[in-house]
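Observations on chain architecture
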Amino acid sequence: MYDLLIKNGKVVTADAVTEGNVAVKDGKIAAVLEAGIEPEAGKVIDAKGKYVFPGAIDTHAHLNDPGYEWREDYEHGTAAAALGGYTTVFDMPLQK
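Below you will find a few notes about this structure. (Residues numbered from 1 in each chain as written. Predicted model: local features only at pLDDT ≥ 70, side-chain atom pairs only at ≥ 80, totals over all residues. Heavy atoms only, no water.)

1. Points about a nonpolar patch on the surface
Judged by side-chain polarity, Val17, Tyr51 and Phe53 come together as a nonpolar surface patch covering roughly 350 Å² of accessible area. Its location among the elements puts phenylalanine 53 in the loop between strand S5 (51–52) and strand S6 (56–61). By relative accessible area, which is 58% here, phenylalanine 53 ends up exposed. (Patch = residues over 30% accessible without salt bridge, like charges linked within 9 Å, V, L, I, M, F, W, Y side chains within 5 Å. Areas by Shrake-Rupley, 256 points an atom, 1.4 Å probe, with all protein chains shown as cover. Salt bridge = Lys/Arg side-chain N within 4 Å of Asp/Glu carboxyl O. Helix = DSSP H or I, 4+ residues; strand = E, 2+ residues; numbered from the N terminus. Buried < 20%, exposed > 50% of the residue type's maximum accessible area, 1.4 Å probe, protein only.)

2. Observations concerning the layout of surface pockets
In this model, the largest pocket occupies a volume close to 250 Å³. Together, 14 residues line the largest pocket, and Val22, Ile29, Val52, Phe53 and Pro54 are the ones closest to its centre. Residue assignment for the lining of the largest pocket shows that the elements contributing at least two residues are strand S1 (2–12), strand S2 (17–25) and strand S3 (28–34). Looking at the lining of the largest pocket, its residues break down into ten nonpolar, three polar and one charged. (1 Å grid on protein atoms, 1.4 Å probe; cavity = no way out; pocket = protein on both sides within 12 Å on 5 of 7 lines; lining within 4 Å. Points joined across faces, edges and corners; volume = space filled by probe spheres on them. Nonpolar A, V, L, I, M, F, W, Y, C, P; charged D, E, K, R; others polar.)

3. Some details on the packing of aromatic side chains
Evaluated as defined, the whole model comprises one aromatic pair. Between tyrosine 51 and phenylalanine 53, the aromatic rings sit 6.3 Å apart at their centres with planes inclined by 45°, giving tilted as the arrangement. (Phe/Tyr/Trp six-rings, centres within 6.5 Å; stacked < 30°, edge-to-face > 60°.)

4. Topic: the pairing of S2
Pairing analysis gives seven bridges linking S1 to S2, with the strands arranged antiparallel. Looking at the pairing, glycine 9 lines up with glycine 20 of S2. Hairpin connection from S1 to S2: four residues lie between these consecutive antiparallel strands. Pairing between S2 and S3: six bridges, direction antiparallel. Considered in S3, the bridge of glycine 20 is made with glutamate 34. Hairpin geometry of S2 and S3 is characterised by an intervening segment of two residues between the two adjacent antiparallel strands and by a positive phi of about 55° at aspartate 26. (Pairing = 2+ DSSP bridges.)

Functional significance is not addressed by these values, which are geometric in nature.
What follows is the structure, given as structure tokens:
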């Protein structure tokens, strides 16, 4: 049994965009499944008509911490990134 099943979505991979399902176990993608294959899961999300992306990576973020926290700080910048689907950010230092 999986922890989460995201079903009926347009699953985006490096190779293609296909109709299918994504199964998650212990916080990690455990299987990318063809449409119609729906294993048992603790929670099910119907993503019909939506795209299902893996977490994005921002390779050029300015979190301005330390130095310019009044613009943005680590706490708020990473929270905004997570809300936007980013799982990783690389902080670029500011030149003074």
